Amino acid sequence: MKPVLLDVNLASVSLIFVYAAMAIYTISFLMFVFHIAQATSDKKSVRDSSSRLQRASFFVLGFGALLHGTGVTLRGISAHRVPWANMYEFSISGSFLIVLIFLTALAVKEIRVIAAFVNGFALLVLGTATTTFYVQIKTLMPALQSYWLVIHVTVAVLATAFFNIAAALAVAYLLRDWPWVTSSKSPIAVLIRRVLKAFPDSAKLERLSYRFNVVGFILWSFTLIAGAIWAERAWHRYWGWDTKEVWTFIIWTIFAGYLHANATRGWSGRRSAWLSLVGFAAILFNFTIVNLFFKGLHVYSGLK
Amino acid sequence: MSGSSSHRPSDHVDSEEITSPDIGFRGWLRWFWRQLTSMRTALFLLLLLATAAVPGSIYPQRSADPNGVTLYFSNQPDLAPWLDRFQFFDVYSSAWFSAIYILLFVSLIGCVLPRSLVHARAMVAAPPDPPKTFTRLKAKASFEGSTTTLDEAFAELKARRYRVVRDGKTVSAERGYLRETGNLVFHISLIGLLVAVAVGGGLSYSGQRVLIEGETLVNNLGSYDSFAPGTFFTKDSLTPFTLKLKKFEAVFDLQAVNVGTPTDFRASVVSRVGVNGKPKTSVIRVNEPLELPGANVYLTGNGYAPVLTFRDANGDVSFSGPVIYLPQDANYTSLGVIKVPDASPKQFGVLSFYYPTVAKLKSGALTSAFPGNVNPAITMSVYVGNLGLDNGMPTNVFSLQVHGLKQVAGGKKHPKVELTKEGQTVELPENLGTVTWDSTKRYASLDIDYNPAQLWIFLFAMLALAGLIVSLLVPRRRVWVRKISGGFEVGALAKGDDARLEQTVIDLKAKLATKVSKKVQK
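About the thresholds
Residues numbered from 1 in each chain as written. Chains lettered and ligands numbered in written order. Predicted model: local features only at pLDDT ≥ 70, side-chain atom pairs only at ≥ 80, totals over all residues. Heavy atoms only, no water. Pairing = 2+ DSSP bridges. Helix = DSSP H or I, 4+ residues; strand = E, 2+ residues; numbered from the N terminus. Axes fitted to C-alpha atoms, helices over the stretch in contact; angles between N-to-C directions. Parallel < 35°, antiparallel > 145°, perpendicular 65-115°, else oblique. Left-handed = near helix turned anticlockwise from the far one by under 90°. Nonpolar A, V, L, I, M, F, W, Y, C, P; charged D, E, K, R; others polar. Phe/Tyr/Trp six-rings, centres within 6.5 Å; stacked < 30°, edge-to-face > 60°. Buried < 20%, exposed > 50% of the residue type's maximum accessible area, 1.4 Å probe, protein only. Lys NZ or Arg CZ within 6 Å of the ring centre and 35° of its normal. Core = buried A, V, L, I, M, F, W, Y, C linked by side-chain atoms within 4.5 Å. Contact = heavy atoms within 4.5 Å. Salt bridge = Lys/Arg side-chain N within 4 Å of Asp/Glu carboxyl O. Expected span 1.5 Å × (residues − 1). UniProt positions renumbered as here; feature names shortened; annotations may be inferred. Buried area = accessible area lost by both parts, 1.4 Å probe. Domains from an automatic or database assignment.

Peer 1: Which parts of the structure should I look at to understand the pairing of strand S12 (residues 317–322) of chain B?
Peer 2: For a regular strand, side chains alternate in direction, first toward one face of the sheet and then toward the other. Residues and elements named next belong to chain B. The pairing of strand S11 (residues 295–311) with S12 spans five bridges and is antiparallel. Note that in S12 the partner of Leu308 across the bridge is Gly321. From the end of S11 to the start of S12, which pair antiparallel, there are five residues, and Gly315 there has a positive phi angle of about 90°.

Peer 1: Is there a simple way to think about the packing of helix H1 (residues 8–39) of chain A against helix H2 (residues 44–79) of chain A in this case?
Peer 2: Each pair of packed helices can be described by the angle between their axes along with the distance between the axes. Residues and elements named next belong to chain A. Where H1 meets H2, the axes come as close as 8 Å, and the angle between the chain directions of the two elements is 165°. The pairing of H1 with H2 is recorded here as roughly antiparallel in orientation. The two elements H1 and H2 meet at a crossing, and its hand is left-handed. By residue class, the composition of the contact of H1 with H2 is 25 nonpolar, 13 polar and two charged.

Peer 1: Could you clarify how one ought to interpret the packing of aromatic side chains in this entry?
Peer 2: What characterises a pair of aromatic rings is the spacing of the ring centres plus the angle enclosed by the ring planes. Residue and element names in this part refer to chain B. Counted under the stated rule, the structure contains 47 aromatic pairs over all chains. With 5.0 Å between their ring centres and 40° between their planes, Tyr304 and Tyr354 make a pair best called tilted. Within this pair, whereas Tyr304 is found in strand S11, its partner Tyr354 is found in strand S15 (residues 348–355), the two being separated by 50 residues in sequence. Residue class for Tyr354 comes out buried when judged on its relative accessible area of 0%. Over the ring of Trp82 we find Arg85; its NZ or CZ atom is 4.5 Å from the centre of that ring. Cation over ring: Arg476 sits above Tyr177, and NZ or CZ is 4.7 Å from the ring centre.

Peer 1: What is the right way to read the nonpolar core from this model?
Peer 2: In globular proteins that are soluble, nonpolar side chains generally tend to be buried together. Of all hydrophobic cores here, the largest spans 117 residues; its most connected members are A:Phe102, A:Ile114 and B:Phe97. No other element matches the 18 residues that helix H5 (residues 148–176) of chain A contributes to this core. Apart from residues lying up to four places away in sequence, B:Phe97 is in contact with A:Trp241, A:Phe249, B:Leu49, B:Ala52, B:Ala53, B:Val91 and B:Tyr92. Counting residues in each nonpolar core, the second largest holds 52 residues, with B:Tyr205, B:Leu217, B:Val286 and B:Ile448 among its members.

Peer 1: Before we go on, may I ask you to explain the pattern of salt bridges in this structure?
Peer 2: Two side chains of opposite charge can pair, provided their charged atoms sit close to one another. Scanning the entire structure with this criterion turns up 24 salt bridges over all chains. One salt bridge connects A:Arg75 with A:Glu89, and the closest N-O pair in it is separated by 2.8 Å. Of this pair, A:Arg75 sits in helix H2 while A:Glu89 sits in helix H3 (residues 87–104); the two residues are 14 residues apart in sequence, bridging distant segments of the chain. Among the residues examined, A:Arg75 registers a relative accessible area of 1% and is labelled buried. B:Glu430 is the partner of B:Lys346 in a salt bridge, and the nearest nitrogen-oxygen pair spans 3.9 Å. Note that B:Lys346 is positioned in the loop between strand S14 (334–340) and S15 and B:Glu430 in the loop between strand S21 (425–428) and strand S22 (433–450), a separation of 84 residues in sequence. Since its relative accessible area comes to 40%, B:Glu430 is described here as partly exposed. Members of the salt-bridge network, linked through shared partners, are A:Arg75, A:Arg81 and A:Glu89.

Peer 1: Even after reading the chapter, I still don't get helix H9 (residues 243–261) of chain A, so can you show me in this structure?
Peer 2: Because the α-helix completes a turn every 3.6 residues, residues three or four places apart line up on one side. With 19 residues, H9(A) should reach 27 Å at 1.5 Å per residue; the first-to-last C-alpha distance of 27 Å fits that figure. The buried count for H9(A) comes to 19 of 19 residues, which makes it a mostly enclosed element.

Peer 1: I keep staring at the UniProt feature "transmembrane region" (unreviewed entry) in chain B and nothing clicks. Help me out?
Peer 2: All names here are of chain B. The UniProt feature table records "transmembrane region" (unreviewed entry) at residues 42–59, 91–113, 184–205 and 455–474. Strand forms 0% of residues 42–59 and helix 89%; the C-alpha atoms that close the span are 27 Å apart. Across residues 91–113, helical content stands at 83% and strand content at 0%; the span's end C-alpha atoms are separated by 30 Å.

Peer 1: Looking at this structure, I do not really get the interface of chain B and chain A. What am I missing?
Peer 2: Reports often express the size of an interface as the amount of accessible area lost when the parts come together. Counting residues at the interface gives 64 residues for chain B, matched by 60 residues for chain A. Summing both partners gives a buried area of about 5,400 Å² for chain B against chain A, and 63% of it is carried by carbon and sulfur. At the junction of chain B with chain A, the criterion picks out two salt bridges. Across the salt bridge formed by A:Arg233 and B:Glu291, the nearest N and O atoms sit 2.8 Å from each other.

Peer 1: Explain the domain arrangement of chain A to me, please; I cannot follow it from the model alone.
Peer 2: Residue and element names in this part refer to chain A. Domain parsing of chain A yields domain 1 (1–140) and domain 2 (160–304). Just the C-alpha atoms count here: the centres of domain 1 and domain 2 sit 21 Å apart. In this complex, domain 1 contributes 26 residues to the contact, which on the side of domain 2 involves 25 residues. On the domain 1 side of the interface with domain 2, the three residues burying the most area are Thr40, Met87 and Glu110, jointly 26% of the side's total. Counting every contact that joins domain 1 to domain 2 gives zero salt bridges. Sorting the residues of the side of domain 1 that touches domain 2 by element identifies H1, H3 and helix H4 (115–133) as the ones contributing at least two each. Sorting elements by how many residues they give to the side of domain 1 that touches domain 2 places H3 first, with six residues.

See below:
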């Protein structure tokens, strides 16, 4: 492969789009927070007007996603490849997919309330990506020149998106009957109680969280298998306990445990919700700490 | 199976509450077995396995990073032997890690075998009778029907691919047997996967060899720089072939933002399979190994091998040939070691740097600014003394123990030995003769791997994935329609998560009801 011509100017335009998306996401985030305040108000007239605000917030979020998607696409075009070859790109593409999946999944009415969480998470990821992970576009090193880069990484991001939504639902589920939240007079507890009023009941939260985790787990299994197939081609063995492989395995095992917990008396409910959060924490750990500080073959952050 | 109507997945046998076991050895044994094969134990072992895998990502592992282990030993000389005693540098083959996954698989087998029998019986059995009352069912409804309602219910459920039986008053139906089939296929495939991994590991081999342009690898044990055979490996496992590295090319990007990034590595090789095989030319790239019968050849590294000739003061050649220089950084500042035991009047060794594009740092030290061969240079530090090669002890060709040797060239205090273009000859100090840089070749590090079980591992992984998808997404559901006084009632029960349970009842009612009963239950 001859080196492709990198379009540095287009990469700058892409960054401007990402910044613009962050600005819009900030607005939609504030709108979602304000909506929760309205929807849980004691005054009926305020509550009634809240659904209009929610709809407007989704339009703003959708517009932000459009800018975000443009930024991601331009990044890919500027480098003539998929836009997820280093941590910065993986972050902007991953958070875009999370928002996209969330917007698609809005057909499930009950998950609308976690909009503020998903929106906030995407904003946080973009903030970290642009300030900490940013690197100039580069051509792909030989090890990454494979169609498995498209398959393996896309599915991993998809799985992360599903686990993320499930984790948000699990947090709400756990807060619901956390004694401090249900009984404390502290203003924060009162606020959380109020916010939780907008959420579906515990049974529904638990079930939804379970379903998103199930899809996440299937996608994660696929990520693991696809990674092994690619590793055989690129690194001459399908599995070698590289740090990233270890963590992929750990995450898989935690979620396998989560599925078993859901079928074990005394473990479904709160304990399995905690497992789901431990699993998601492992995913975040895998993406941040393992990428940046652990030695291994998956050293593609592009950071020095 | 717990007949719980909870919305939680309950398609596994819940572990039984711990009760005092029967007295006697057999009782204890049975109790132990039941505990081992329970869901709770499986859950516990899974979480334990996840935890036990963590240290392997924190401490360097001999299998993936042997140099890291050596480094750890020299940095932490007190702690390292203790960690080693508890196999923290071989986590994934350690006794404790193995114990956990072997227990997990025993538990899995103990769980899957009886469940397979139960499922086999369920596959041919009729759907079970309805519960006495539907009060505990989450999804239920009642409605008014006619004399043909049960017939319609039977036909409707049949059309929806339920297994259906009926009598005068009841229609019982069940669907989603595939859920449990998928579940069993998944777990059995995991056993198959483990066996394939074990057998494959035993039969496999992995050999490493650095080939300089023009060199040929003959596939026998003596040709490898390092070799890791499986337990069942015999010399006959090596299929006869030869592989010659004709040319190695590397492309590095020159664009300002991306300067020095490799964009392509190509090893052009000529292979011959068998004793009288025809030569075949192919290109090995990083994601494109060469597949030969009985082994795959992978490109795992590369570097420069300058061809050097040392002559003593009389002009006699004491060393001549390409020297493998190991890259030390992304710009291929490379370190080479040359040992010249046959030099006269005395033995000497050389630590040498190769800079493909030489540049000077502010400190005055040399470095390479670009990995491509743009403006190459070689520097040498020469050491005289006993190289320790004559006592028969094996030594590492890539390192020179300078302890006990006397430095005579290189560094700050000694005369420089620096070559800046091919064909150049410079003199060595202390009447050691001359060195000539004849030309520069490239080398490729190749990994020759054989694992006959790889296809099986792939197939079992795919089967497991298919089973997993089916077991998690196909709902298992029982539906009953029953005549009661004043109308009919319909109830449904899911085993495991079922997003469409309530909807099923609503649809059935809409289809069957002639009129909605007044005492509609929600």
